[in-house]
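# Descriptive structure summary
In case you want the letters, here they are:
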Amino acid sequence: MISPRQLEEREVRRRRILDAALDVFHKKGLEGATMDEIAHEAGFGKATLYYYFTSKEEVFCAIMEKGWKPLWEDIEETINEEDKSAHDIFLDALSAVVKIILKDKNLYRFLFSAPKAITNMPDNLQVWRSYQNRLYGSLRGLLEEGMAKSEFPQTDAELLFKAIGGLFHGILFLGSEDQEVSRKDIEELLSQFLTAKNE
(Lines give C-alpha, C1' and ligand atoms only; values in the text may rest on other atoms or scores of the structure.)
Protein backbone atom coordinates (compact mmCIF):
# COMPACT_ATOMS: atom_id res chain seq x y z
CA MET A 1 0.00 0.00 0.00
CA ILE A 2 1.39 3.39 -1.00
CA SER A 3 1.31 6.00 1.75
CA PRO A 4 0.09 9.59 1.18
CA ARG A 5 3.69 10.74 1.66
CA GLN A 6 4.94 8.40 -1.07
CA LEU A 7 2.21 9.62 -3.42
CA GLU A 8 3.20 13.21 -2.72
CA GLU A 9 6.89 12.44 -3.34
CA ARG A 10 5.97 10.68 -6.58
CA GLU A 11 4.04 13.74 -7.74
CA VAL A 12 6.94 16.05 -6.80
CA ARG A 13 9.36 13.93 -8.86
CA ARG A 14 6.95 13.88 -11.79
CA ARG A 15 6.61 17.68 -11.67
CA ARG A 16 10.40 18.08 -11.56
CA ILE A 17 10.73 15.90 -14.64
CA LEU A 18 8.09 17.89 -16.54
CA ASP A 19 9.65 21.23 -15.57
CA ALA A 20 13.11 20.00 -16.61
CA ALA A 21 11.76 18.61 -19.88
CA LEU A 22 10.09 21.93 -20.65
CA ASP A 23 13.48 23.65 -20.34
CA VAL A 24 15.15 21.02 -22.54
CA PHE A 25 12.38 21.22 -25.19
CA HIS A 26 12.68 25.03 -25.20
CA LYS A 27 16.41 24.79 -25.88
CA LYS A 28 16.57 21.77 -28.20
CA GLY A 29 13.07 21.26 -29.58
CA LEU A 30 11.33 17.88 -29.45
CA GLU A 31 13.51 16.36 -32.16
CA GLY A 32 16.79 17.52 -30.61
CA ALA A 33 15.98 16.61 -26.99
CA THR A 34 17.03 13.30 -25.45
CA MET A 35 15.91 11.36 -22.39
CA ASP A 36 19.49 11.68 -21.05
CA GLU A 37 19.26 15.48 -21.17
CA ILE A 38 15.85 15.49 -19.49
CA ALA A 39 17.10 13.22 -16.70
CA HIS A 40 20.22 15.37 -16.21
CA GLU A 41 18.19 18.61 -16.14
CA ALA A 42 15.79 17.09 -13.57
CA GLY A 43 18.66 15.87 -11.41
CA PHE A 44 17.60 12.22 -11.68
CA GLY A 45 19.12 9.09 -13.12
CA LYS A 46 17.63 7.57 -16.27
CA ALA A 47 16.08 4.77 -14.21
CA THR A 48 13.93 7.30 -12.33
CA LEU A 49 12.96 9.04 -15.55
CA TYR A 50 11.95 5.76 -17.20
CA TYR A 51 9.91 4.82 -14.13
CA TYR A 52 7.59 7.72 -14.94
CA PHE A 53 7.85 8.02 -18.72
CA THR A 54 8.82 5.58 -21.46
CA SER A 55 9.87 8.16 -24.09
CA LYS A 56 10.44 11.85 -24.68
CA GLU A 57 7.20 11.86 -26.69
CA GLU A 58 5.33 10.68 -23.60
CA VAL A 59 7.00 13.42 -21.53
CA PHE A 60 6.07 15.98 -24.20
CA CYS A 61 2.42 14.89 -24.17
CA ALA A 62 2.32 15.02 -20.35
CA ILE A 63 3.48 18.66 -20.55
CA MET A 64 0.79 19.41 -23.12
CA GLU A 65 -1.90 17.78 -20.95
CA LYS A 66 -0.64 19.68 -17.88
CA GLY A 67 -1.36 22.90 -19.77
CA TRP A 68 -4.52 22.19 -21.76
CA LYS A 69 -6.53 20.30 -19.12
CA PRO A 70 -6.86 23.21 -16.63
CA LEU A 71 -7.76 25.64 -19.43
CA TRP A 72 -10.68 23.41 -20.37
CA GLU A 73 -11.70 22.62 -16.77
CA ASP A 74 -11.69 26.24 -15.60
CA ILE A 75 -14.18 27.53 -18.18
CA GLU A 76 -16.88 24.98 -17.28
CA GLU A 77 -18.72 27.18 -14.78
CA THR A 78 -18.37 30.24 -16.99
CA ILE A 79 -19.83 28.67 -20.14
CA ASN A 80 -22.76 27.22 -18.20
CA GLU A 81 -23.98 30.57 -16.87
CA GLU A 82 -27.57 30.98 -17.98
CA ASP A 83 -28.31 34.67 -17.39
CA LYS A 84 -25.59 36.17 -19.59
CA SER A 85 -25.22 36.86 -23.28
CA ALA A 86 -22.93 34.73 -25.43
CA HIS A 87 -20.79 37.85 -25.86
CA ASP A 88 -20.29 38.25 -22.10
CA ILE A 89 -19.73 34.54 -21.51
CA PHE A 90 -17.10 34.54 -24.28
CA LEU A 91 -15.25 37.45 -22.64
CA ASP A 92 -15.53 35.83 -19.20
CA ALA A 93 -14.18 32.55 -20.60
CA LEU A 94 -11.21 34.33 -22.20
CA SER A 95 -10.57 36.11 -18.88
CA ALA A 96 -10.54 32.77 -17.05
CA VAL A 97 -8.08 31.39 -19.60
CA VAL A 98 -5.84 34.47 -19.21
CA LYS A 99 -5.63 34.03 -15.43
CA ILE A 100 -4.33 30.48 -15.83
CA ILE A 101 -1.87 31.38 -18.60
CA LEU A 102 -0.38 34.27 -16.63
CA LYS A 103 0.45 31.91 -13.74
CA ASP A 104 2.87 30.01 -16.01
CA LYS A 105 3.65 31.98 -19.16
CA ASN A 106 6.69 29.81 -19.91
CA LEU A 107 4.52 26.68 -20.11
CA TYR A 108 1.83 28.31 -22.25
CA ARG A 109 4.26 30.01 -24.60
CA PHE A 110 5.55 26.50 -25.30
CA LEU A 111 2.06 25.00 -25.57
CA PHE A 112 0.84 27.50 -28.14
CA SER A 113 3.90 27.08 -30.37
CA ALA A 114 4.70 23.37 -29.89
CA PRO A 115 1.93 21.76 -31.98
CA LYS A 116 3.50 23.17 -35.14
CA ALA A 117 6.58 21.07 -34.44
CA ILE A 118 4.77 17.79 -33.78
CA THR A 119 5.35 15.09 -36.37
CA ASN A 120 4.57 11.38 -36.14
CA MET A 121 3.29 11.60 -32.56
CA PRO A 122 1.29 8.46 -31.65
CA ASP A 123 -2.42 9.30 -31.32
CA ASN A 124 -2.76 7.34 -28.07
CA LEU A 125 -0.33 9.74 -26.36
CA GLN A 126 -2.16 12.88 -27.45
CA VAL A 127 -4.77 12.96 -24.67
CA TRP A 128 -4.24 16.71 -24.45
CA ARG A 129 -5.84 17.19 -27.88
CA SER A 130 -9.27 16.27 -26.48
CA TYR A 131 -8.99 19.11 -23.93
CA GLN A 132 -7.77 21.54 -26.59
CA ASN A 133 -10.57 20.53 -28.98
CA ARG A 134 -13.26 20.86 -26.30
CA LEU A 135 -11.96 24.27 -25.21
CA TYR A 136 -11.79 25.57 -28.77
CA GLY A 137 -15.17 24.01 -29.60
CA SER A 138 -16.82 25.76 -26.64
CA LEU A 139 -15.33 29.14 -27.56
CA ARG A 140 -16.29 28.73 -31.24
CA GLY A 141 -19.80 27.73 -30.13
CA LEU A 142 -20.11 30.96 -28.13
CA LEU A 143 -19.02 32.97 -31.18
CA GLU A 144 -21.61 31.21 -33.36
CA GLU A 145 -24.32 31.73 -30.76
CA GLY A 146 -23.35 35.40 -30.46
CA MET A 147 -23.47 35.82 -34.25
CA ALA A 148 -26.94 34.28 -34.36
CA LYS A 149 -28.05 36.92 -31.84
CA SER A 150 -26.13 39.76 -33.58
CA GLU A 151 -23.74 40.11 -30.63
CA PHE A 152 -20.77 39.50 -32.96
CA PRO A 153 -20.35 40.48 -36.63
CA GLN A 154 -21.81 38.12 -39.20
CA THR A 155 -18.74 36.40 -40.61
CA ASP A 156 -17.08 33.01 -40.78
CA ALA A 157 -16.87 31.79 -37.14
CA GLU A 158 -13.71 29.78 -37.76
CA LEU A 159 -11.94 32.73 -39.37
CA LEU A 160 -13.06 35.08 -36.58
CA PHE A 161 -11.92 32.56 -33.95
CA LYS A 162 -8.46 32.29 -35.52
CA ALA A 163 -8.12 36.08 -35.81
CA ILE A 164 -9.11 36.57 -32.17
CA GLY A 165 -6.71 33.78 -31.20
CA GLY A 166 -3.85 35.62 -32.91
CA LEU A 167 -4.68 38.89 -31.15
CA PHE A 168 -5.08 37.07 -27.85
CA HIS A 169 -1.69 35.38 -28.27
CA GLY A 170 -0.13 38.76 -29.02
CA ILE A 171 -1.37 40.57 -25.92
CA LEU A 172 -0.30 37.67 -23.70
CA PHE A 173 3.15 36.93 -25.05
CA LEU A 174 4.40 40.00 -26.88
CA GLY A 175 3.98 42.47 -24.01
CA SER A 176 6.13 42.88 -20.92
CA GLU A 177 6.60 39.83 -18.70
CA ASP A 178 4.91 41.39 -15.67
CA GLN A 179 1.97 42.84 -17.59
CA GLU A 180 -1.44 41.91 -16.23
CA VAL A 181 -4.26 41.41 -18.72
CA SER A 182 -7.72 42.20 -17.37
CA ARG A 183 -11.18 41.39 -18.71
CA LYS A 184 -11.44 45.08 -19.63
CA ASP A 185 -8.23 44.82 -21.71
CA ILE A 186 -9.65 41.81 -23.57
CA GLU A 187 -12.99 43.54 -24.08
CA GLU A 188 -11.35 46.69 -25.45
CA LEU A 189 -9.10 44.71 -27.78
CA LEU A 190 -12.00 42.66 -29.15
CA SER A 191 -14.23 45.70 -29.38
CA GLN A 192 -11.65 47.54 -31.52
CA PHE A 193 -11.08 44.47 -33.66
CA LEU A 194 -14.77 43.67 -34.13
CA THR A 195 -15.61 47.31 -34.82
CA ALA A 196 -12.87 47.43 -37.44
CA LYS A 197 -14.32 44.32 -39.11
CA ASN A 198 -17.76 45.93 -39.27
CA GLU A 199 -16.57 49.15 -40.90
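What counts and how
Chains are numbered independently. Their residues run from 1 in the order of the written sequence. Only residues with pLDDT of at least 70 are given local features in this predicted model, and only at 80 or more are side-chain atom pairs given and counted; all residues enter the totals for whole chains, interfaces and linings. For side-chain calculations, the full set of non-hydrogen atoms in the structure is used, while hydrogens and water are omitted. Note on conventions: DSSP H or I runs of at least 4 residues are helices, E runs of at least 2 residues are strands, and numbering of each starts at the N terminus. What a helix is expected to span follows from its residue count: subtract one and scale by 1.5 Å. Contact between two residues is taken to exist if any of their heavy atoms lie within 4.5 Å; hydrogens are not considered. The angle between two axes is taken between their N-to-C directions and runs from 0 to 180 degrees, where each axis is a line fitted to C-alpha atoms and a helix contributes only its stretch in contact. Handedness of a helix crossing follows the sense of rotation of the near helix relative to the far helix, less than a right angle counterclockwise being left-handed and clockwise being right-handed. Only Asp, Glu, Lys and Arg are considered charged in this grouping, and only Ala, Val, Leu, Ile, Met, Phe, Trp, Tyr, Cys and Pro are considered nonpolar; every other residue, Gly among them, is considered polar. If an angle is under 35 degrees, it is roughly parallel; if it is over 145, roughly antiparallel; if it lies from 65 to 115, roughly perpendicular; otherwise it is oblique. Exposure is judged per residue with a 1.4 Å probe applied to protein chains only, and the accessible area is read against the type maximum: over 50% gives exposed, under 20% gives buried, and values in between give partly exposed.

Okay, helix H4 (residues 56-74) next. In an α-helix there are 3.6 residues to a turn, and that puts residues three or four apart on one side. Between its terminal C-alpha atoms H4 stretches 28 Å, which fits the 27 Å expected from 19 residues at 1.5 Å a residue. Tucked into the core, H4 has its buried residues touching helix H1 (4-32), helix H2 (35-42), helix H6 (86-103), helix H7 (105-113) and helix H8 (128-148).

The next subject is the packing of H4 against H6. At a minimum axis separation of 9 Å, H4 and H6 run at an interaxial angle of 150°. The two elements H4 and H6 meet at a crossing, and its hand is right-handed. Touching Pro70, Leu71 and Asp74 of H4 are Ala96, Val97, Ile100 and Ile101, all from H6. Taken together, the residues of the contact of H4 with H6 break down into six nonpolar, no polar and one charged.

Further remarks concern the packing of H1 against H2. Between H1 and H2, the shortest axis-to-axis distance is 8 Å and the interhelical angle comes to 140°. When the axis of H1 is compared with that of H2, the two are oblique. Between H1 and H2 the crossing geometry is right-handed. On the side of H1, the interface is formed by Arg16, Ile17, Ala20, Ala21, Asp23, Val24, Phe25, Lys27, Lys28 and Gly32, while H2 contributes Glu37, Ile38, Glu41 and Ala42. For the contact of H1 with H2, the per-class residue count stands at seven nonpolar, one polar and six charged.

By the element assignment, Ile2 lies in the segment before H1. Judged by its relative accessible area of 36%, Ile2 is partly exposed. Residues contacting Ile2, with those up to four places away along its chain left out, are Leu7 and Arg10.

In short, geometric facts, not functional conclusions.
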